[in-house]
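Coordinates in review
What follows is the residue order along each chain.
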Amino acid sequence: MATRLPLNEQELSSFFAKGDETAFERVFSYFYEPLCYFASQIVKDPFTAEDIVQDILLKAWQRHNNFERVSSLRSFLYMGVKNAGFDYLDHQGVKSRHESNIAAQLTVQESDILQILMDTELANQLFSLVDTLPEQCRKVIRMTFEEGLKPAEVAAKLGVTVSTVNNQKMRGLKLLKDRLTDEDLGLALTALIFFHLTNI
Amino acid sequence: MDEKQIKEALRIIDLVARYLNAQLSSDEAVKLNEWINRNPENRRVFEQLINENRLESTHAAFHAFDTPAALQKVKFRKLELRAIKVQSIWSRPGILKYAAAALLILSIGAYFFINKRLAQSQNVQIVKNDLSPGSNKAILTLSNGKKISLTDAKPGIIASDANLVVKKNTNGSINYENNTVASEYRDEPAYQTITTPRGGQWPQIELPDGTKVTLDAGSSITYPVVFSGSERRVAVTGQVYFSVKHNAAQPFRVTVKDQIIEDIGTEFNINAFDDETAVRTTLIEGSVSVSKNKEHVVLTPGQQAVDRVGNEQIRLKEANLAEVIAWKNGLFHFDHADLKTVMRQVSRWYDVQVFYEGQIPKTDITGEVYRSMKASQVFEVLNNLKVNFRIDGKKIIVTDKN
């Protein structure tokens, strides 16, 4: 199962050194969704966004020994997605000018892109830990805190009892707390917990 | 927007994330503050960033994308890339052509499958439960007979035995360290065994002498906790990959079935599964000798010693190294394999029994498939064969379509 576990340098050393399979999956799972979101904000088409991101992740895999640290890999990925996104738009622009003789409308400004990139990466870092919870737990936590649903509503949506929802919620929060104290997961603590843990 | 700007933006994000997690050091706080106060635009960006609703809606939008499906798709694209790479490695032009073609066919079949998403599968029928691939599972048996699950053990010291402690590292590797607390002395040698079940493997074990071993599914290694005396002697079953730490004064010897393999500082793979037709020792690097009764052969890198069941003689041949060590890299690799060869590997890795209904279909299979796929997906890759696979609980029934 692909989960967005926070990345750590040591675990990824085998990716950088020899393009290790499992490490590649970790990189892929960690970055895929945020990069797709980022790309889709540029190209405004989810399918094109996914193609772009898959290409760039494969490229990163082929050039694994060009990277020494997660940070260099990360800027390569964001940079690559941004360039590919604008290349795609340019191409579309050329096509539409060619077809209708009207200048293509630029839908994104470069300055907006930087803000979107920052939003994306921040959400990725803050929320990646929640995504490591067992499925049922994760669903309950998400519905409760992200969608703001009441236990009864979550129960109805998932087809379980209210007490199951409460149990899963407690379990999820406990798991998150444990992981945080045990491993000092650095950047991994979620904004969600930051915002909500105190008022439960 | 250039690379420098992106790097700077990501650096700021790292600080903001630490800020939100209340993990900012005073140094970092100064840096973040300095950036925020540099101009009103930065302050505006910062305020937008830490807006809870904005963060959550960004994160919610991530879920529109399906990571597992995409990963699967990319894996097949990697398979194609690999096919191109393989061409340059293989020296025999005849095989090369077929292999490249077959890999391509496998990849196209795989693509086809992805698009179909198993909806109207042609040759795979799942009666009861698809089969998950094997995973990291092993049991350590201490010299006193006590059994410890390496899978469940938490990282840290997991046992002490004789004058050593066994340690599990966070990446799952196992190694030994001197036990500084209680050094109990014993006369008789103490032996430990690590065993993997069918459907299990253990990627890295470092023996007390520094030798590294990898265990495939349904395999084991038995070794003394202390390598004393004139040799380092271990015994194995199943399939084991060795990377031996050289010590001329104390040669490393492996007993497998009725053979003794002696290493002279080296990497080699032993395949001695009971259901295989031969014991195969393949040398990747260095030098080893293989002995059995009066037979004695010395291997050079790239060679394989084949000791067929019922044969007195040990035969030497050039090995296909990619095929031999594929398992260690998480792959099934077939080079003109027949169906039974393929199914023996499947049966060990998915821990299933294989039954043939009617004739065993004649096939010639070449290509690579990831071991991390479910059984149905592996069969789906074999789509172009005229063979039906039926998965029924822990059984796979194979039928010829002809």
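Residues numbered from 1 in each chain as written. Chains lettered and ligands numbered in written order. Predicted model: local features only at pLDDT ≥ 70, side-chain atom pairs only at ≥ 80, totals over all residues.

Further remarks concern the overall build of chain A. From N to C terminus, chain A includes nine helices and zero strands. Its helices and strands in sequence order give chain A the pattern α-α-α-α-α-α-α-α-α, from N to C terminus. For chain A, restricting intrachain contacts to residue pairs at least 6 apart in sequence, the fraction spanning at least 24 positions comes to 63%. (Helix = DSSP H or I, 4+ residues; strand = E, 2+ residues; numbered from the N terminus. Contact = placed C-beta atoms within 7 Å.)

Now for the nonpolar core. Counting 48 residues, the largest nonpolar core has A:Val27, A:Leu35, A:Ala39, A:Val53, A:Val81 and A:Leu122 as the members making the most contacts within it. Taken together, the elements giving at least two residues each to this core come down to α1 (9–18), α2 (21–43), α3 (46–62), α4 (70–100) and α5 (110–127) of chain A together with α1 (3–20), α4 (52–62) and α5 (67–89) of chain B. Counting residues per element, this core draws most heavily on α2(A), at 14 residues. For A:Leu35, the contacting residues outside a window of four places in its chain are A:Val53, A:Leu77 and A:Val81. (Core = buried A, V, L, I, M, F, W, Y, C linked by C-beta atoms within 7 Å. Buried ≥ 20, exposed ≤ 12 C-beta atoms within 10 Å, placed from the backbone.)

Moving on, we come to the interface of chain B and chain A. Taken together, the 40 residues of chain B in the interface contact 42 residues of chain A. Mapped by element, the contributors of at least two residues to the side of chain B that touches chain A are α1, α3 (40–49), α4 and α5 of chain B. When residues in the side of chain B that touches chain A are grouped by element, the largest group, 13 residues, is from α1(B). Grouping the constituent residues of the side of chain B that touches chain A by class yields 21 nonpolar, nine polar and ten charged. (Nonpolar A, V, L, I, M, F, W, Y, C, P; charged D, E, K, R; others polar.)

What follows concerns the confidence of the model for chain A. Residue and element names in this part refer to chain A. Residues at a pLDDT of 70 or more form 70% of chain A, whose mean pLDDT is 74. Low pLDDT (under 50) marks residues 100–106, which in the prediction has six contacts with non-local residues, meaning those over four places away or in another chain. Note on residues 180–200: pLDDT is under 50 here. Beyond four places in sequence and across chains, it has 35 contacts. (pLDDT = per-residue confidence, 0-100.)

The description of two packed helices rests on the angle between their axes and on the distance between the axes. Viewed as axis vectors pointing N to C, α5(A) and α3(B) meet at an angle of 35°, and their least axial separation amounts to 10 Å. Regarding α5(A) and α3(B), the two cross each other, and that crossing is right-handed. Side by side, α5(A) and α3(B) meet where A:Gln115, A:Met118, A:Asp119 and A:Leu122 of the first sit next to B:Val45, B:Gln48 and B:Leu49 of the second. (Axes fitted to C-alpha atoms, helices over the stretch in contact; angles between N-to-C directions. Left-handed = near helix turned anticlockwise from the far one by under 90°.)

A few words now on α2(A). Residue and element names in this part refer to chain A. At Tyr32, α2 is bent by approximately 40°, the largest bend along its length, and proline Pro34 sits one to four residues beyond. Burial analysis of α2 places 20 of its 23 residues in the buried class, the great majority of the element. Lys44 lies just past α2 and shows a positive phi near 60°. (Bend = angle between axes of the 7 residues up to and from the residue.)

Let's shift gears to the pairing of strand β13 (residues 252–256) of chain B. All names here are of chain B. Residues Phe252, Val254 and Val256 point to one face of β13 and are all buried, whereas Arg253 and Thr255, pointing to the other face, are not buried. Sheet topology places strand β12 (residues 232–243) next to β13; four bridges connect them, and they run parallel. Each residue of the ladder has a partner; that of Arg232, found in β13, is Phe252. Looking at chain direction, β13 and strand β14 (residues 259–263) are connected through five bridges and run antiparallel. Within β14, the position partnered with Thr255 by the bridge is Ile260. Between β13 and β14, which pair antiparallel one after the other, the connecting turn spans two residues, and Lys257 there sits at a positive phi close to 50°. (Pairing = 2+ DSSP bridges.)

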